[in-house]
Amino acid sequence: MASLLFSLLALLVAAGCVYQAAAAWQVRRFAVAPRPRPVVQPPVSILKPLCGDEPGLDVALASTLAQDYPAFQIVFGAADPADPALAVVAALPSPPSGGEITVVAGSSGPGRNRKVANLIAMWPQVRHDLILIADADVRADSAYLDDLVTPLADPAVGVVTSLYVAHPGVGRTSRLAALGINHGFLPSALVARALGREDGCFGASIAIRRTVLEQGGGLAALKDLLADDWALGALARAQGLRIALAARPVELLVTETGWRALFDHEVRWARTIAAIDRVGALASVVTQPVALALLGVVLSGGTLPALLLLGLAAGCRLAAVRVEETALGLPRCGYVDLALREMLSFAVYAVASAGRSVLWRGRRFVVRRDGTLEPRD
């Protein structure tokens, strides 16, 4: 029985090494792909829901304001009129020619998803037919709107979404969070698209036509869902439209306050994915060959074949990470951080696979099988 289990682990590790090679290739291919320019530049309304003055918020909001684009509106919204993020908005420089700022404060729409409830309250102020929903911490270059508008020139595209690269704040937990995004989330999203799965829609930055959103039931259709980003993409796919990927990723500053906060955050992400595709979430264990090989070492009692398998898995993972760092222009991570990241990823996978509750901004919910949130506090 033990030998059979070890053989199964060896097969999974081999598949995981193939995956790491494919992931590194896809990241490199994505990074060097040409950046097309739009033929037309229709006006865009950018929705920025706010909740607290996060580190680097001023830089992130200013980057959205500094777009080289002829006409855009930014709608900032905070449910609490005393939210400190509003002071950051007030201190922003004046928008460039063609830019416009609208602020909505002190109101919230219905829904258990607080981000969507904030967006619902902001919606009456939206003026344009092309809508961009972007997290407050997104850092973008001056061609950000061009990247999102260009694919929408194709009438078969209903939604455009951006991948994101993370830069860590101070501390090890922030570094580990960034590693999880840069060498976990981003490569897996690219591999999924290369395999023909184009249902990924990523919440940091999503552009959608007003008509597509309204025909799909509007923001009200998302108000109780945990995976509101995936649901936006599903609205488009239900109308026979595609989800396109922006040519360049945006950037995020990741600041995790401690180990518990990091773990809770990542478990919520993992259970969000599981709510969308539980079979795929369980099968994603193949993306973790180092943890699987280490498990083989433990089960075999440290035999030479098991140790060789661990060395192969570690070498493949390290090589993939180095290729991805070079492609994305990231500094090299340390060996200790990478080893801790591998253990943390497996722990998150194990815990997320065994339950449905999530902790979100201090409130606990249970994710129902249909993806809706049920309060538990």
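As a reminder, the structure under discussion sits directly above these lines.
### Some remarks on the pairing of strand S10 (residues 250-254)
Two faces, one strand: in a regular strand the side chains alternate between the faces of the sheet.
And then number 1: Side chains of S10 alternate between two faces, with Val250, Leu252 and Val254 buried and Glu251 and Leu253 left unburied.
And then number 2: Sheet topology note: the strand S5 (residues 138-139)/S10 ladder contains 2 bridges and is antiparallel. Its bridge partner being in S10, Arg139 is matched across the sheet by Glu251.
And then number 3: Relative to S10, strand S7 (residues 164-168) runs parallel, the two being bridged by 5 bridges. Bridging across to S10, Ala166 finds its partner in Leu252.

### Looking at the sheet that holds strand S4 (residues 130-134)
Remark on secondary structure: sheet strands pair via backbone hydrogen bonds, oriented parallel or antiparallel.
And then number 1: Ordered by their spatial adjacency, 7 strands build an open sheet running S3-S2-S1-S4-S8-S6-S9, and the pairing between neighbours is mixed. Looking at the sheet topology across the chains shown, the edges are occupied by strand S3 (99-105) and strand S9 (242-245). Ignoring strand direction, the axes of neighbouring strands in this sheet form an average angle of 20°.
And then number 2: Two strands pair when backbone bridges link them, and strand S1 (residues 44-49) and S4 are joined in this way by 4 bridges, in the parallel orientation. Among the inter-strand pairings, Val44 is bridged to a residue of S4, identified as Leu130.

### A short note on the environment of Glu324
And then number 1: Inspection of the secondary structure assignment puts Glu324 in helix H12 (residues 304-328).
And then number 2: Look at Glu324 and you get buried, because its relative accessible area is 0%.
And then number 3: Along the primary structure Glu324 and Ala23 are separated by 301 residues, whereas in three dimensions their C-alpha atoms are 8.4 Å apart.
And then number 4: Apart from the residues lying within four places of it in its own chain, the contact partners of Glu324 are Ala23, Ala24, Val27, Asn182, His183 and Pro187.

### So, the layout of surface pockets
And then number 1: In this structure, the second largest pocket occupies an estimated 390 Å³ of space.
And then number 2: If you go around the second largest pocket, you meet 17 residues; those closest to its centre are Arg29, Phe30, Leu190, Arg193 and Leu245.
And then number 3: Looking at the lining of the second largest pocket, the elements that each hand over two or more residues are helix H1 (2-32), helix H6 (172-194) and S9.
And then number 4: A class-by-class count of the residues in the lining of the second largest pocket yields 12 nonpolar, 1 polar and 4 charged.

### Observations regarding the pairing of strand S8 (residues 205-209)
And then number 1: Of all 5 residues that make up S8, 5 are buried, and the element is covered over most of its length.
And then number 2: Examined bridge by bridge, S4 and S8 share 5 bridges and lie antiparallel to one another. The residue bridging Leu130 from the neighbouring strand is Arg209, located in S8.
And then number 3: As paired strands, strand S6 (residues 157-161) and S8 are joined by 3 bridges and run antiparallel to one another.

### Looking at the state of the cysteines
And then number 1: Applying the stated criterion to the full structure yields 0 disulfides.
And then number 2: Left without a disulfide partner, Cys316 is nearest to the cysteine sulfur of Cys17, which lies 3.3 Å away.
And then number 3: Free of any disulfide, Cys333 has its nearest neighbouring cysteine sulfur in Cys316, separated by 16 Å.
And then number 4: Look at Cys333 and you get buried, because its relative accessible area is 14%.

### Side note on the pattern of salt bridges
And then number 1: Applying the stated rule across the entire model yields 16 salt bridges.
And then number 2: Here Asp154 ties to Arg242 by a salt bridge, and the two come within 3.3 Å at their closest N and O atoms. With Asp154 in the loop between helix H5 (144-149) and S6 and Arg242 in strand S9, this pair connects stretches of sequence that are 88 residues apart.
And then number 3: Taking the relative accessible area as the measure of exposure, Arg242 reaches 35% and is therefore partly exposed.
And then number 4: It is possible to trace a salt-bridge network through shared partners that takes in Arg35, Asp141 and Asp147.

### Quick look at the packing of helix H11 (residues 289-300) against H12
And then number 1: Across the interface, H11 lies against H12 with an axial gap of 8 Å and an inter-helix angle of 170°. Judged by the inter-axis angle, H11 sits roughly antiparallel to H12. Residues Pro289, Val290, Ala293, Leu294, Gly296, Val297 and Ser300 of H11 lie in contact with H12, whose contacting residues are Ala306, Leu307, Leu309, Leu310, Ala313, Ala314 and Arg317.
And then number 2: Tallied by class, residues from the contact of H11 with H12 come to 11 nonpolar, 2 polar and 1 charged.

### A few points about empty space enclosed by the protein
And then number 1: Counted under the stated rule, the structure contains 3 cavities of 30 Å³ or more.
And then number 2: Around the largest cavity, the lining residues are Lys115, Val116, Leu119, Ile133, Gly203, Ile206, Leu219, Leu222, Asp228, Asp229 and Leu232.
And then number 3: Where the lining of the largest cavity is concerned, the elements lending two or more residues are helix H4 (114-122) and helix H8 (228-238).
And then number 4: In terms of residue class, the lining of the largest cavity is made up of 7 nonpolar, 1 polar and 3 charged.

Reading the values: rules and limits
- Residues numbered from 1 in each chain as written.
- Predicted model: local features only at pLDDT ≥ 70, side-chain atom pairs only at ≥ 80, totals over all residues.
- Heavy atoms only, no water.
- Buried < 20%, exposed > 50% of the residue type's maximum accessible area, 1.4 Å probe, protein only.
- Helix = DSSP H or I, 4+ residues; strand = E, 2+ residues; numbered from the N terminus.
- Pairing = 2+ DSSP bridges.
- Axes fitted to C-alpha atoms, helices over the stretch in contact; angles between N-to-C directions.
- Contact = heavy atoms within 4.5 Å.
- 1 Å grid on protein atoms, 1.4 Å probe; cavity = no way out; pocket = protein on both sides within 12 Å on 5 of 7 lines; lining within 4 Å.
- Points joined across faces, edges and corners; volume = space filled by probe spheres on them.
- Nonpolar A, V, L, I, M, F, W, Y, C, P; charged D, E, K, R; others polar.
- Disulfide = S-S within 2.5 Å.
- Salt bridge = Lys/Arg side-chain N within 4 Å of Asp/Glu carboxyl O.
- Parallel < 35°, antiparallel > 145°, perpendicular 65-115°, else oblique.

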